[in-house]
Amino acid sequence: MFKKLKPGESEEDVLRMAAEFNAERAKNPGFQPAAAFVRMDKAPKKSMFAQRREQAKLGRVTSVEKSQPELLQQEAEEIKTPLTSVSGGLDSRKSCVLTNKVLMDEIQENILGDVKGTRMNPSSLNNVLGDLVERPVASIRPVMPDAPQQRNPNKPMSIFARQMMCESSPKPKASLRTPVASENVGSSIVKDAKMAQEIHEENLNILSQMSEQDILAEREKLLASLDPSLIALLAQKRQAKQKPADNKPSLRVIEAAPQPPKTTQPPNQSISSLPDTNPTLELLQQGDEGQWLHFNLVEEHKLAWMRDIPTKINELKPGQQFDARFDWKGVLLPHTLQEDQSSSKALDDRELYLHGAEADRPGYTLQEFFRLARSTVLQQRISAFGAVAGIFSIYNQGFYDQVLTLPISKMFFLLRYGLDDNAPAQLEVVSRALANLLYNETDEVVLDNVQDNAYCHWQPLLKVLENASDAEADSDPNSIAFLQNYMKLLTTSQVVRADVDEGEVESRMSMDDFQLAETDLIDCLLRTNILQRIKFILNSVRPDNSTVESCLKVLIRIARTSLKVARQLANESDLLEILFRNFMPSGDGNGQFYGQPQVLFLKLIRVLTCQHLDIAKSLSKGVLIQRLQLYLFLQDTKARMVRVQIEALRILRCLLLLGIVDRDVFRQFLPALRQLLDWHSNHCVFDGVGGSGLVRQHAAALIVALVASGESGVCDLEGQKLVVEQLNNCCCKWLNAATHSKKIKDFSQMTLLSAALYAASWFSRNGYLGTTSFQIFLRSILPKFVQSPSFVACVQDLALGSVILRRPMDRRHVNAALPNMGAVLMHDYGPQLIVSESYPVHLLSNLWALLAVSLEGGGVTENSLFTALMQPAVLEPLAEYLRELGLRLNRVLATNFFARTELRFVHQLLTTDGLETYLERPQLLQLVYSYLCCLSTAHATQIKSTFQRFIFNGEYVELDAKSLKLLEQTCLEMVYPHIIADNSEPSLSLCYTQAPILPADWPFFQMRLILSNYLQNVQQRPAAIYSENQVVRMTLTFVRQLERQGLQIVSPLEKLMYLMIAFMGPDSQFLTPDLHELLRDYLKDFNQQYANHHFDFDAELVDKARFEPLYYLFVEHFEAASYGDELFSSLVLLPLAQKYDNKWRRRLWSEHVQAVRFLNCDESLLMGGLSAYLNPVEEEPSLVQLYGDALERQLVRPGSVAFRIAQHHFNHSTAVHKTKSF
């Protein structure tokens, strides 16, 4: 099918289409165009006088070819002309005038051309104009129709062509004067009635003279010479003429072409065969359906697309997969729509079934959306992209996890291609879909809600985590990452390689776009020049719709990626200049988006500011600070401006903490802050619902900004005098309202109280005025609030709403190429927010901080508050919460970005005097151990204080002072680098995943050093720093003390591996008497504790070596430096027990048979005794043969444990044929 020309296409497009047409015509000779221009041949040139003679003779323009009726008509006209020419002088004068006019017309035509169109073909003129009917005068002028053109009888004719042929065929014309002659000679072409009558009489005379045989012979001769179709046409006309004429006008009925007999059936039967639900039944039952074109036959196969969809339900097996189908909003539809139980109507929507494949299933697949998204129809593209936007919106909320697998990378490229279209309608929906993919709305909402709490100004970095081999810490031989890397080397091959070739890792620069999208989606997005595209959209296209918000969301997600990407965005000066000019204006514009301050752009500035101090300085050099002042001074209580002021206060807080706003600049903000504080003192309602939640969020943002001014030191004494008194009034008002309420239900209420306690705590401890400005608050309001039912309800909800006590997992790594903050948890009943509406941790943490401040001050206040907090209604839920933490603390969720405040609160509880009395010592130590395994770099100082208070304290661990001090020093050396790294960069950003500093087996950390030193010696590395004797002694003693307190540090297999590592020191100090005795006691306890345990030697251990490669290293070390030690031998023999796989025995007795000579130990050191190695008798023939070979070649010492094992199995086994026994 060829397309027609469109406006704007050039001549080259016309030539291209002509070439395509000629190529198609060359392939198919019968291919014809829909329309064609026909060039009419010009008549041969004649002289003027010859033309005049012909006109005078004929009185008309003759055609090139004349049919027989035309010749007869011409003769009649020639007979008529002399009769009419004898009329008189008047007619002669008229003829002379006519001749002169013709002559003048010919002369003018020769000079000017055929301007009158006299040489135009009358047949073409008749086809365009039709018959021209004039008002009748004395007589009707005859109109001579042209002869029908010759046509190909094999070529079918269209309806229009048949109609034109019927109209152009000769029709009988009746004379008003001679009706009788008209009846007799209606088919004559002679228009003169008298002459026609004469000719008719002459024909009758000729027929009367002929016999009947002659007439029939002439008739047969005439019929043979005529066309049968012409004869049928004349017979039809004769029949139609004989029918009585109807004076009423009627519509012309065009009959359809005859159909094959086998497919035709009476219309009534066709209509009756249709079901009642067929949409065409009502149309066909109307009375005048016969007058419609081609409606005399019901073609059911052409009406099949209008039929009702059969509601068949395919039964799916559990776990069976099927192609996902969605509606136009992106909602995943079930395999088939079930009938609604509450009504008799089926859940059916016609628009969900307009597809070909699987017509009984509703909705559309992703492939169909992809095809629609590349359609030439704009509305189809918009519908497809809108559905994709809905899919991503629901996907980021977690409803499609573990249910649906989406090709994120392919869908991303579809959206990126769609963003290159400049149509505003398509840009709006495509940008919304791209924002739904990249900008996780749930994460951002939760992050904004907790933003105005204490220590919650940190922004997450959503960078794709690199491999451990790429980290800088791997270069430190004593770092945990370095040791874990060495342990991983033992997981893949028996050949130990200590070096890591970084060139083996494929560089991202060499990846293609799809590979990069599968690895890092934001990096791939930047490769597509998305920043330049957004700049063009916002500056040139300027869509005044939601495209602006979507582009800002994409920029926010890009800014959160990493410091490198944030610098790249901050260096786009043209883009930032466009954003500042249009979305942070000085005045109020007329547009909905342009010329208006946009909250999302202010949020983008805040995210960039928190990335690094350099970026914050570059942004503040422009109009940022002036615009913030302008917005904070505006007295506009509309929701839009309130949100703008909230973001302005958050930006001001970040600038204060980074030290960009000095005292002089802050003095310009101080009147606006005091004005806002006065307004909240009068209008902020604590118990309000609905719109008041936004006001409470605004008040919390204002308070934490004031605290940030004090923390940065820019709020001097005068400034604090100006705000502290009014701040005290606000705190008293809001806590008093919370005291009289039954329960705090809204999260904004929690945030407001948390901010008030945070401000009171900081200004009471560090302010210039001290506690003097908060006397009423500290003495009266605060103790009453602690004793109120609303606060007790908050404490009781602590365990229920805790983040680190939940069992579900978060969605941080649901898409490895596009990580998120993990604000959604995957529960069995559906997705849940990680922070609930009644999450009380921020409030309790700030209250406990205020308690610590009060304890330092001394006086009545701290006694009243401490007494109020120490009531059983508060302490018992807290103690139960701590006991639950010791048993089921979720270490994975503890690394979530939103769990930082709760970990800080747990540390506050652990350091509270008197609370440990509610816990037993094993419970307390288990809690401390689990808590230490969750702390990240941001909590490095808390690790140090916890070590000193609980772990390396003689009250809890019975160890000599020297070993305890050395152990504390080695453990703190793991923490100090993280404390330094935490303060190295002037930034307010943290990684979205707070990886713990200490591994789960940190008490055995020194044993990892021994393995590291062993591997380094293999690769010619330096020796250990600490002596082998010190490391093994203090580690085993420390672990034994913790285990006696009820701690389960590692699994039995891991414990066995660490016990084996204790013998792998380079100096073989396990042979020294004191250490050898310690190892003997520890080994006996181990054998006794796990005598009935079945070890899974093929288990995979996280960040540790697999047992198999470590065991063969252990055997090789036994051959080299064991000196036949029985403790060493007992550990080598442990996997050789009969209950384990015989692969361990076969390999030892074949590849390491030389080690068997030195294997010997006391039966008491064997786990399960000697019987565990003798029974049942070996049935493996190859292994029995190895036993016999070792005995025959005397490779084992007689009387040793290895000799007794080989002798017993060889003599008692029936698997092989033996010639002798041993």
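The structure displayed is predicted, hence computed values, not measured ones.

Colleague: Would you explain the overall build of the protein chain in this entry?
Modeller: Counting its regular elements, the protein chain contains 53 helices and five strands. Out of the 1222 residues in the protein chain, the part that is buried amounts to 46%. Once local pairs closer than 6 in sequence are excluded, the contacts in the protein chain between residues at least 24 apart make up 75%. Of the roughly 65,000 Å² of accessible surface on the protein chain, 53% is carried by carbon and sulfur atoms.

Colleague: I would appreciate a short explanation of the confidence of the model for the protein chain in the present structure.
Modeller: Interpretation of this model should avoid reading the predicted coordinates in detail wherever pLDDT is low. Looking at the protein chain, the pLDDT average stands at 79 and 75% of residues meet or exceed 70. Per-residue pLDDT stays below 50 along residues 120–132; that stretch engages in seven contacts with residues further than four places along the chain or on separate chains. The low-confidence segment residues 171–188, where pLDDT is below 50, has 17 contacts with residues more than four positions distant or belonging to other chains.

Colleague: Teacher, can you tell me more about the nonpolar core here?
Modeller: The nonpolar side chains of soluble globular proteins are, as a tendency, buried together. Counting 318 residues, the largest nonpolar core has Phe777 and Phe947 as the members making the most contacts within it. No other element matches the twelve residues that helix 32 (residues 747–766) contributes to this core. Of the residues that make up this core, three or more belong to each of domain 1 (561–942) and domain 2 (1056–1212).

Colleague: Mind showing me how you'd approach the pairing of strand 4 (residues 830–833) here?
Modeller: Each regular strand displays side chains that alternate between the two surfaces of the sheet. The pairing of strand 3 (residues 824–827) with strand 4 spans four bridges and is antiparallel. The residue bridging Leu825 from the neighbouring strand is Gln832, located in strand 4. From the end of strand 3 to the start of strand 4, which pair antiparallel, there are two residues.

Colleague: Looking at this model, I keep getting lost on empty space enclosed by the protein. Mind explaining?
Modeller: Summary: where empty space remains is shown by rolling a probe the size of a single water molecule over the atoms. The final tally for this structure, using the stated rule, is seven cavities of 30 Å³ or more. Estimated volume of the largest cavity: approximately 120 Å³. Looking at the largest cavity, it is lined by 15 residues, and the ones nearest its centre are Leu438, Asn440, Leu818, Pro819 and Asn820. Elements that contribute at least two residues to the lining of the largest cavity include exactly helix 14 (378–396), helix 16 (424–438) and helix 17 (441–450). Along the lines of polarity and charge, the residues of the lining of the largest cavity split into eight nonpolar, four polar and three charged. Of the pockets and cavities examined, the second largest cavity occupies roughly 90 Å³. Forming the boundary of the second largest cavity are Leu447, Val450, Cys456, Trp458, Val835, Tyr839, His842, Phe897, Phe898, Ala899, Arg900 and Thr901. Elements that contribute at least two residues to the lining of the second largest cavity include exactly helix 17 and helix 39 (900–910). Among the residues forming the lining of the second largest cavity, the class breakdown is nine nonpolar, two polar and one charged.

Colleague: It is not clear to me how helix 22 (residues 547–559) should be interpreted in this structure. Could you clarify?
Modeller: In an α-helix, one turn spans 3.6 residues, which is why side chains three or four residues apart end up on the same side. For helix 22, with 13 residues, the first-to-last C-alpha span of 18 Å sits near the 18 Å given by 1.5 Å per residue. Along helix 22, the residues that are buried comprise Thr547, Val548, Ser550, Cys551, Leu552, Lys553, Val554, Leu555, Ile556, Arg557, Ile558 and Ala559.

Colleague: In this structure, what is going on with the pairing of strand 3? I would like to understand it.
Modeller: The sheet contact formed by strand 2 (residues 809–810) and strand 3 spans two bridges and is antiparallel. Opposite Met809, over in strand 3, you have Met826 as the bridge partner.

Colleague: Looking at this structure, how should I read the pattern of salt bridges?
Modeller: Close approach of charged atoms allows side chains of opposite charge to pair. Counted by the stated rule, this structure contains 40 salt bridges. Measuring nitrogen to oxygen at the nearest pair gives 3.1 Å for the salt bridge that ties Glu1043 to Lys1055. With a gap of twelve residues between them, Glu1043 in helix 44 (residues 1028–1044) and Lys1055 in helix 45 (residues 1052–1061) connect regions that are remote in the sequence. Using a relative accessible area of 26% as the deciding quantity, one classes Glu1043 as partly exposed. The buried category is assigned to Lys1055, whose relative accessible area is 4%.

Colleague: I keep staring at the environment of Asn736 and nothing clicks. Help me out?
Modeller: Along the polypeptide, Asn736 turns up in helix 31 (residues 717–739). For Asn736 and Lys784, which are 48 residues apart along the polypeptide, the C-alpha to C-alpha distance reads 8.3 Å.

Colleague: Which parts of the structure should I look at to understand the sheet that holds strand 2?
Modeller: An order of 2-3-4 is seen for the three strands of this open sheet, with the pairing classed as antiparallel. If you trace the sheet from one side to the other, it starts and ends with strand 2 and strand 4, each paired once.

Colleague: Would you mind showing me how to read the packing of helix 21 (residues 530–541) against helix 24 (residues 573–583) here?
Modeller: The description of two helices packed together rests on the angle between their axes and the distance between the axes. It is the contact of helix 21 with helix 24, at a shortest axis distance of 10 Å, that shows an interaxial angle of 35°. Where helix 21 crosses over helix 24, the two elements pack in a sense that is left-handed. The segment helix 21 lies against helix 24, with Leu531, Ile534, Lys535, Leu538 and Asn539 engaging Asp574, Leu575, Ile578, Leu579, Arg581 and Phe583. Taken together, the residues that form the contact of helix 21 with helix 24 break down as seven nonpolar, one polar and three charged.

Colleague: How do you make sense of the packing of helix 31 against helix 33 (residues 775–786) when you look at a structure like this?
Modeller: Where helix 31 meets helix 33, the closest approach of the two axes is 9 Å, and the angle between their N-to-C directions is 20°. It follows from the interaxial angle that helix 31 and helix 33 lie roughly parallel. In this structure, helix 31 crosses over helix 33, and the sense of that crossing is left-handed. Between helix 31 and helix 33, the residues in contact are Asn728, Cys731, Cys732, Leu735, Asn736, Ala738 and Thr739 and Ile776, Phe777, Ile781, Leu782, Lys784 and Phe785, respectively.

Colleague: Would you explain the side chain of Asp1125 in this entry?
Modeller: With respect to the secondary-structure elements, Asp1125 resides in the loop between helix 47 (1107–1121) and helix 48 (1126–1133). Buried Asp1125, no salt bridge; nearest opposite-charge side chain is Arg1080, N-O distance 6.4 Å. Of the polar contacts made by the side chain of Asp1125, one reaches the side chain of His1076; its length is 2.7 Å. Dropping the residues within four chain positions of it, Asp1125 is found in contact with Phe1063, Phe1070, Leu1071, His1076, Phe1118 and Asn1160.

Colleague: Please explain a nonpolar patch on the surface as it appears in this structure.
Modeller: Residues Leu222, Leu226, Leu230, Leu233 and Leu234 make up a contiguous nonpolar surface patch of roughly 400 Å² in combined accessible area. Here the nonpolar patch gets three residues from one element, more than from any other, and that element is helix 10 (residues 228–242).

Colleague: Hey, could you run me through the side chain of Ser409 in this one?
Modeller: If you trace the backbone, Ser409 turns up in helix 15 (residues 408–418). You can call Ser409 buried: its relative accessible area is 5%. In contact with Ser409, not counting residues within four places along its chain, are Phe514, Ala517 and Glu518.

Colleague: I keep staring at helix 46 (residues 1073–1089) and nothing clicks. Help me out?
Modeller: With 17 residues, helix 46 ought to run about 24 Å at 1.5 Å a step, and its terminal C-alpha atoms sit 24 Å apart, in line with that. Along helix 46, the residues that are buried comprise Leu1075, His1076, Leu1078, Leu1079, Arg1080, Tyr1082, Leu1083, Phe1086 and Asn1087. Of the surrounding secondary structure, the elements contacted by the buried residues of helix 46 are helix 44, helix 45 and helix 48.

Colleague: Before we go on, may I ask you to explain unusual backbone geometry in this structure?
Modeller: It is generally the case that most residues other than glycine have a negative phi and that most peptide bonds are trans. Note that the residue after Asn1175, namely Pro1176, is joined by a cis bond; omega there is -5°. Among the secondary structure elements, Pro1176 is positioned in the loop between helix 51 (1171–1174) and helix 52 (1181–1192). Backbone geometry at Asn529 places phi at a positive 60°, although glycine is not the residue there. Considering the arrangement of structural elements, one finds Asn529 in the loop between helix 20 (521–527) and helix 21. One non-glycine residue, Gln1194, lies in positive phi territory at about 55°.

Colleague: Explanation requested: the environment of Ser764 in the structure shown.
Modeller: Structurally, the position occupied by Ser764 is in helix 32. The residues contacting Ser764, other than those within four sequence positions of it, are Gly770, Thr771, Phe774 and Leu778. A distance of 2.6 Å separates a polar atom in the side chain of Ser764 from the backbone oxygen of Ala760.

Colleague: Looking at this structure, how should I read the packing of aromatic side chains?
Modeller: Each aromatic ring pair is summarised here by two numbers: the centre-to-centre distance and the angle between the ring planes. The tally for this structure, following the rule as stated, stands at 37 aromatic pairs. Here Trp762 and Phe763 contribute two aromatic rings whose centre-to-centre distance is 5.2 Å and whose plane-to-plane angle is 85°, an arrangement assigned as edge-to-face. Pair check on accessibility: Trp762 and Phe763 agree, each one buried. Centre to centre, the rings of Phe1097 and Trp1144 are 5.6 Å apart; their planes meet at 70°, and the pair counts as edge-to-face.

Colleague: How should the state of the cysteines be read in this particular structure?
Modeller: Applying the stated rule across the entire model yields zero disulfides. Note on Cys730: no disulfide assigned, nearest cysteine sulfur contributed by Cys731 at a separation of 6.9 Å.

Calculation notes
- Residues numbered from 1 in each chain as written.
- Predicted model: local features only at pLDDT ≥ 70, side-chain atom pairs only at ≥ 80, totals over all residues.
- Heavy atoms only, no water.
- Helix = DSSP H or I, 4+ residues; strand = E, 2+ residues; numbered from the N terminus.
- Buried < 20%, exposed > 50% of the residue type's maximum accessible area, 1.4 Å probe, protein only.
- Contact = heavy atoms within 4.5 Å.
- Areas by Shrake-Rupley, 256 points an atom, 1.4 Å probe, with all protein chains shown as cover.
- pLDDT = per-residue confidence, 0-100.
- Core = buried A, V, L, I, M, F, W, Y, C linked by side-chain atoms within 4.5 Å.
- Domains from an automatic or database assignment.
- Pairing = 2+ DSSP bridges.
- 1 Å grid on protein atoms, 1.4 Å probe; cavity = no way out; pocket = protein on both sides within 12 Å on 5 of 7 lines; lining within 4 Å.
- Points joined across faces, edges and corners; volume = space filled by probe spheres on them.
- Nonpolar A, V, L, I, M, F, W, Y, C, P; charged D, E, K, R; others polar.
- Expected span 1.5 Å × (residues − 1).
- Salt bridge = Lys/Arg side-chain N within 4 Å of Asp/Glu carboxyl O.
- Axes fitted to C-alpha atoms, helices over the stretch in contact; angles between N-to-C directions.
- Left-handed = near helix turned anticlockwise from the far one by under 90°.
- Parallel < 35°, antiparallel > 145°, perpendicular 65-115°, else oblique.
- Lys, Arg positive; Asp, Glu negative; His and termini not counted.
- Polar contact = N/O pair within 3.5 Å; in protein donor to acceptor, adjacent residues only side chain to side chain.
- Patch = residues over 30% accessible without salt bridge, like charges linked within 9 Å, V, L, I, M, F, W, Y side chains within 5 Å.
- Phe/Tyr/Trp six-rings, centres within 6.5 Å; stacked < 30°, edge-to-face > 60°.
- Disulfide = S-S within 2.5 Å.

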